[in-house]
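Residue strings, one per chain:
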Amino acid sequence: MTESTDAAPFGGTFAPLRERTFRTIWSASLLSNFGQLILAVGAAWEMTRLTSSPSMVALVQTASMLPLMLVAVPAGAIADMFDRRRIAMSGLALSSLCGAMLTALAFAGLTTPWVILAFCALIGAGVAIYAPAWQASISEQVEGPNVPAAIALGTISSSVARSFGPAIGGFIVLAAGAKAAFAINALFYLPLLLAFFFWKRRQVPSRLPPERLDRAIVSGMRYIRHSGPIRTALFRTFMFGLAGATATALAPLIAKDLLRGNADTYGILLGAGGVGAVTGALLVGWFRNRFGTEGATRLLAIAGGLALVLTGFSRSLPLTCLGLFIGGGANILTIALFNISVQTAAPRWVTARALSLFTSALTGGIAIGAVFWGVLASMTDVQVAVVASGVTLLATALLSVLMPLPESTEADVATVEIAHQPEVGMALTMRSGPVVIEIDYDVDPDSARDFYMAMLQVQRTRLRNGGFDWSMSRDIANPALWTERYKCPTWGDYLRMRDRFSQADIALHEAARSFHRNTGDLRIRRKLERPFGSVRWKADTPDPRHGTIGYIGP
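Just so it is clear, the structure is predicted and the values come from calculations on it, not from any experiment.

Thresholds, definitions, all that
- Residues numbered from 1 in each chain as written.
- Predicted model: local features only at pLDDT ≥ 70, side-chain atom pairs only at ≥ 80, totals over all residues.
- Heavy atoms only, no water.
- Helix = DSSP H or I, 4+ residues; strand = E, 2+ residues; numbered from the N terminus.
- Contact = heavy atoms within 4.5 Å.
- Axes fitted to C-alpha atoms, helices over the stretch in contact; angles between N-to-C directions.
- Parallel < 35°, antiparallel > 145°, perpendicular 65-115°, else oblique.
- Left-handed = near helix turned anticlockwise from the far one by under 90°.
- Nonpolar A, V, L, I, M, F, W, Y, C, P; charged D, E, K, R; others polar.
- Salt bridge = Lys/Arg side-chain N within 4 Å of Asp/Glu carboxyl O.
- Buried < 20%, exposed > 50% of the residue type's maximum accessible area, 1.4 Å probe, protein only.
- 1 Å grid on protein atoms, 1.4 Å probe; cavity = no way out; pocket = protein on both sides within 12 Å on 5 of 7 lines; lining within 4 Å.
- Points joined across faces, edges and corners; volume = space filled by probe spheres on them.
- Pairing = 2+ DSSP bridges.
- Core = buried A, V, L, I, M, F, W, Y, C linked by side-chain atoms within 4.5 Å.
- Expected span 1.5 Å × (residues − 1).

J.: Before we move on, could you go through the environment of Ala216 and cite the residues and values that matter?
T.: Relative to the helices and strands, Ala216 is located in helix H10 (residues 213-225). Leaving out residues up to four positions away in the same chain, Ala216 has contacts with Ala77, Met81, Glu211 and Arg353.

J.: Which residues make up the packing of helix H13 (residues 251-258) against helix H18 (residues 382-395), and what values go with them?
T.: Running from N to C, H13 and H18 cross one another at 135 degrees; their axes reach a closest spacing of 10 Å. It follows from the interaxial angle that H13 and H18 lie oblique. Remark: the crossing between H13 and H18 carries left-handed chirality. Contacts from Leu253, Ile254, Asp257 and Leu258 of H13 reach H18 at Val382, Gln383 and Val386. Counted by class, the contact of H13 with H18 contains five nonpolar, one polar and one charged residues.

J.: Please set out the pattern of salt bridges residue by residue, giving values where relevant.
T.: By the definition in use, this model includes 16 salt bridges. In this structure, the salt-bridge partner of Asp493 is Arg215, at a minimum N-O distance of 2.2 Å. Placement of Asp493 in helix H22 (residues 491-499) and of Arg215 in helix H10 is noted, with a sequence separation of 278 residues between them. Look at Arg215 and you get partly exposed, because its relative accessible area is 26%. Residue Lys487 is joined to Glu529 by a salt bridge in which the shortest nitrogen-to-oxygen separation is 2.8 Å. Taken as a pair, Lys487 in strand S3 (residues 481-488) and Glu529 in the segment after strand S4 (523-528) lie far apart in primary sequence, 42 residues in all. Given a relative accessible area of 19%, Lys487 falls into the buried group. Among the ionic contacts, a cluster of salt bridges with common partners joins Asp80, Arg84, Glu140, Arg348 and Arg353.

J.: Tell me about empty space enclosed by the protein, residues and numbers included.
T.: Tallying each qualifying case throughout the model produces three cavities of 30 Å³ or more. Approximately 100 Å³ is the volume found for the largest cavity. Partitioned by chemical class, the residues of the lining of the largest cavity number six nonpolar, three polar and two charged.

J.: Describe the sheet that holds strand S2 (residues 468-474), listing the residues and the values that go with them.
T.: Read from one edge to the other, the open sheet built from four strands follows the order S2-S3-S1-S4, with strand pairing classed as antiparallel. Strand pairing shows two members of the sheet lacking a second neighbour, S2 and S4, which therefore form its edges. Going from strand to strand, the sheet's axes swing by 15 degrees on average, the running direction of each strand aside. Here strand S1 (residues 435-442) pairs with S4 via six bridges, running antiparallel. Residue pairing for S4: Ile437 is matched across the bridge by Arg526. Lying on the sheet, helix H21 (residues 448-465) is in contact with S1, S2 and S3; it crosses S2 at an angle near 165 degrees.

J.: Before we move on, can you summarise the packing of helix H1 (residues 20-50) against helix H5 (residues 113-136) with the specific residues and values?
T.: Where H1 meets H5, the axes come as close as 11 Å, and the angle between the chain directions of the two elements is 160 degrees. Classified by the angle their axes make, H1 and H5 are roughly antiparallel. Two packed elements cross with a definite hand, and for H1 against H5 that hand is left-handed. Contacts between H1 and H5 involve Phe22, Ile25, Ser29, Gln36, Leu39, Ala43, Glu46, Met47 and Leu50 on the former and, on the latter, Pro113, Ile116, Leu117, Cys120, Ile123, Val127, Tyr130 and Trp134. Its residues assigned to classes, the contact of H1 with H5 comprises 14 nonpolar, two polar and one charged.

J.: Describe the pairing of S3, with residues and values.
T.: The element S3 is largely enclosed, with a buried count of six among its eight residues. Looking at chain direction, S2 and S3 are connected through five bridges and run antiparallel. Note that in S3 the partner of Arg474 across the bridge is Trp482. The turn linking S2 back onto S3 is made up of six residues.

J.: Lay out the nonpolar core in plain terms, naming residues and giving numbers.
T.: If you look at the biggest cluster of nonpolar residues, it comprises 99 residues, and the most contacted ones within it are Phe22, Tyr130 and Phe196. Per element, the largest residue contribution to this core is 12 residues, and it comes from helix H16 (residues 317-345). Not counting residues up to four positions away in its chain, the partners in contact with Phe22 are Pro16, Leu17, Trp134, Ile138, Gln141, Val142, Ala150 and Leu153. Among the nonpolar cores identified, the runner-up in size contains 24 residues, and Val435, Val443, Leu463 and Trp470 belong to it.

J.: Quick rundown of H21? Include the residues and the values.
T.: In this model, H21 (18 residues) spans 26 Å end to end at C-alpha, consistent with the 26 Å of a helix rising 1.5 Å per residue. Elements in contact with the buried residues of H21: H10, S1, S2, S3, H22 and helix H23 (503-513). One or two steps after H21, the chain reaches Gly466, where phi turns positive at roughly 135 degrees.

J.: Before we move on, can you summarise the pairing of S1 with the specific residues and values?
T.: When you tally the buried positions in S1, you get eight out of eight residues, the bulk of the element. Residues Val435, Ile437, Ile439 and Tyr441 line one face of S1 and the alternating positions Val436, Glu438, Asp440 and Asp442 line the opposite face, and both faces are buried. Across eight bridges, S1 lies against S3 in antiparallel orientation. What sits directly across from Ile439, in S3, is Glu484.

Any link to function would need more than the numbers given here.
Written as structure tokens, this is what we have:
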């Protein structure tokens, strides 16, 4: 639900900005994105003043990006476990506080190379905590049909910052020094922090206590593992990042070796790619509506690949700028479409975890691709690496045939409340377990194969929602009798599993249940597998519930 009081008809790239909550947060996020890039410029410049080591200067980028890979997954789990608004505020507060501390140290003249790296990592960790909570809460700030456009606007925000942020940061450093860049970075998180603070998010309290962090991470990983649509989107995201990494990783060498240019040439190339990214982000809605998600990603892989090939063969600055402009637009469009695919395929309880893995897949693919294409450029030359990267990106278009992206809707992943509650005759706690669930089906033997194939679909829902050790067995004496069996580690895990079924899951269960010949309810048995503590060790030990001797509890 959105709390906008000025919602407008749906449609168009900028339609989400008509909704007040999203407009406020998005505008403030634009400032925070500028702040991050201004920090990167200031930190890199300050590092050149403090040390002559190129590796230390390069580590500034590593220190800023590494938390996005290391913290993203636990941050996504935390965002799914608790109030996403509060989690976003916590991450922003950490980044702003660490930015203020770095500013104070800089003004006091106490910065060292390792101090800068440490605070860049801490600020990056705050951003990594904030990002999954912000992305996962977009659907709560806009109406359902506007969610894809809202995701695209989030991409536009980062693209605008990437296009102009480094230039603004360079001007600030030139005019007032790195200390001013650090101070602006710390201040630019505050508007976004206030925007989340004043957002009156409708928090629906959970009936169950939150999972432990490690269990939440595992359950998120298991959902992705057993969810074909999300797994496909993540793999294709990784391959896209790996194939097209040369556009940014080798941009300085393209300017120096292929165009025989200088730092000004490099800046022009970055500007061309940035303008292309902003232009592409503006067209996300049009591309998706015109070609569909799958058709659009296929077309963009071809356009991006050809643009890299053009860049590799070009020795003309205008022609190279054209190639990077097209490549930048195709890059941002593809990332936005993959992001939309992940969000629409993930139910609300695991959205932030799915998005954190999306971030890891994208950044991991780019990082590995940058190393690979860099090594290839060292072994051959820059042209060979850029052209080979473009050909590889062209080949990823074939993945649209072999591994098509999901076409999910909000209704498919909306959770469904199960009305009936399980009967309990024992004193169970949330940690009681393992719990074994057995369900009997009476199926016409002539329909055995069709029933079994339907149950394989049910198996996926059990495993991705929290079940373990799923199996199907058939009675030897009575071939019509089938028994489904699976486990949950604890009683609390079983109750959470019941809260995670989506409308699509229920439809698969109903399809399998339609083979059951009895008109009554299915026979379901829930058992405590290792019932230590539910019985007394000795027969003459008084039972506290009955005050009797010789009673063996249920």
